[in-house]
Every structure is written in structure tokens, then in C-alpha cells.
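# Observations on the three-dimensional arrangement
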Amino acid sequence: MSVVTNQQFFTKVNQAFIDGDIEFLADHVTDDVAWSMYGNKMIGREAFLDCVKEMGMGNETNVALTIENLIASGNEVALKGKMHANTDTGQEKVYTYCDIYVMDGAGKIKELTSFYLDMKE
């Protein structure tokens with residue numbers, strides 16, 4: 001993937017998390033996808049999608065997502081970004097995050113390692 005293609009694809013992936021677009025995510029992960037987050041590890045497409053549903057990102061409004069940096073090498077991509085959102089109670093939340101992706105040969109996400117911080121601004 002070119003840098004532009006990477007940027008476009010991972011922008012769509014991040015937006016799918018925010019929108020709770022389970023169908024898009026299901027189409028772009030392998031059956032045995034592994035997602036590590038805060039010491040927890042989900043293995044398999046169903047566990048991955050269940051976790052996305054539990055996150056409830058589709059419940060937040062006025063979400064602004066910025067990918068600040070994307071680095072690609074071989075089949076690995078790391079991106080750093082920031083997200084501003086309002087919860088359904090009107091509380092503003094700001095997160096900074098880093099996601100590290102490992103892709104399979106067909107362009108699907110095989111592994112994802114996520115780090116994020118709730119910023120107190």
C-alpha cells in the first residue's frame with residue numbers, strides 16, 4: 001500500500017470504530033484476528049467485533065478524529081492520533097491513541113495492538 005492508500009484505509013478503519021460500523025470492520029479483519037488492548041487480548045473475528053460493540057463508540061457524538069502520524073514498514077503500520085468526542089450526557093472527552101496493525105497478504109488486519117489515554121484537558 002502507498003502512504004496515501006494507507007492513510008485513506010486507516011482513516012476508514014478508525015471511523016468505523018467511531019461509528020460502530022461492525023460490517024466494515026468484519027470485512028477488513030482476518031478470521032483469527034488478535035487484538036491486544038490494556039493487557040487484554042481478544043482472538044478471533046467474533047471476539048474482536050463483540051469488543052467493538054461493547055465499546056459503544058457509536059453512542060458518542062460530534063467526534064473529531066485526527067491521525068497525526070502514520071508509519072508503515074512491510075506489513076506493519078503504526079498510527080498515532082487524537083479523538084475529541086461528546087458523550088450522550090454532553091461531556092467532552094479527549095483521547096490520544098496509538099494503534100499498531102499487522103496486515104496479512106490480502107490487505108486484512110491480522111493483529112492490532114492499541115494504546116490510548118483519556119486526556120484531562
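The text that follows walks through the structure, step by step, so that each part is easy to find. These numbers were taken from a predicted model, which means no experiment stands behind them. (Residues numbered from 1 in each chain as written. Predicted model: local features only at pLDDT ≥ 70, side-chain atom pairs only at ≥ 80, totals over all residues. Heavy atoms only, no water.)

Here we come to the overall build of the chain. If you tally the helices and strands in the chain, you get three helices and six strands. For the chain, the N- to C-terminal ordering of α and β elements is α-α-β-β-α-β-β-β-β. Over its C-alpha trace the chain gives a radius of gyration of 14 Å, about what one expects of a compact globule, namely 14 Å for 121 residues. For the C-alpha atoms alone, the extent of the chain along its principal axes is close to 40 × 30 × 25 Å. Classification of the 121 residues of the chain by burial places 38% in the buried group. Across the chain, the fraction of contacts at a sequence separation of at least 24, relative to all contacts at a separation of at least 6, is 43%. (Helix = DSSP H or I, 4+ residues; strand = E, 2+ residues; numbered from the N terminus. Rg over C-alpha atoms; globule rule 2.2 N^0.38 Å. Buried < 20%, exposed > 50% of the residue type's maximum accessible area, 1.4 Å probe, protein only. Contact = heavy atoms within 4.5 Å.)

A word on the nonpolar core. The biggest cluster of nonpolar side chains holds 26 residues, and the ones touching the most others in it are Phe10, Val13, Phe17, Leu25, Trp35, Phe48 and Tyr101. Of all the elements in the fold, those that place two or more residues in this core are helix H1 (3–19), helix H2 (22–27), strand E1 (29–37), helix H3 (45–55), strand E3 (61–73), strand E4 (76–86), strand E5 (92–103) and strand E6 (109–119). Ignoring any residue separated from it by four or fewer positions in sequence, one finds Phe48 in contact with Phe17, Leu25, Val29, Val33, Trp35, Met42 and Leu112. (Core = buried A, V, L, I, M, F, W, Y, C linked by side-chain atoms within 4.5 Å.)

Okay, the pairing of E1 next. Here E1 runs beside E6; their pairing, made up of five bridges, is parallel. Paired with Ala34 across the two strands is Glu111, which belongs to E6. Linking E1 to strand E2 (residues 40–43), which pair antiparallel, is a turn of two residues; within it Tyr38 sits at a positive phi near 55°. (Pairing = 2+ DSSP bridges.)

The final tally for this structure, using the stated rule, is four salt bridges. Residues Asp31 and Arg45 are paired through a salt bridge, measuring 2.9 Å at the closest nitrogen-oxygen approach. Of this pair, Asp31 sits in strand E1 while Arg45 sits in helix H3, and the two are 14 residues apart along the sequence. Of the residues examined, Arg45 reaches a relative accessible area of 21% and is grouped as partly exposed. A salt bridge links Lys110 to Asp32; the shortest N-O distance between them is 3.3 Å. Here Lys110 is found in strand E6, whereas its partner Asp32 is found in strand E1, with 78 residues between them in sequence. Given the relative accessible area of 31%, Lys110 is considered partly exposed. (Salt bridge = Lys/Arg side-chain N within 4 Å of Asp/Glu carboxyl O.)

A few words now on the environment of His84. Position of His84 relative to the elements: it lies in strand E4. Look at His84 and you get partly exposed, because its relative accessible area is 28%. Spatially, the C-alpha atom of His84 lies 6.6 Å from that of Leu65, the residues being 19 residues apart in sequence.

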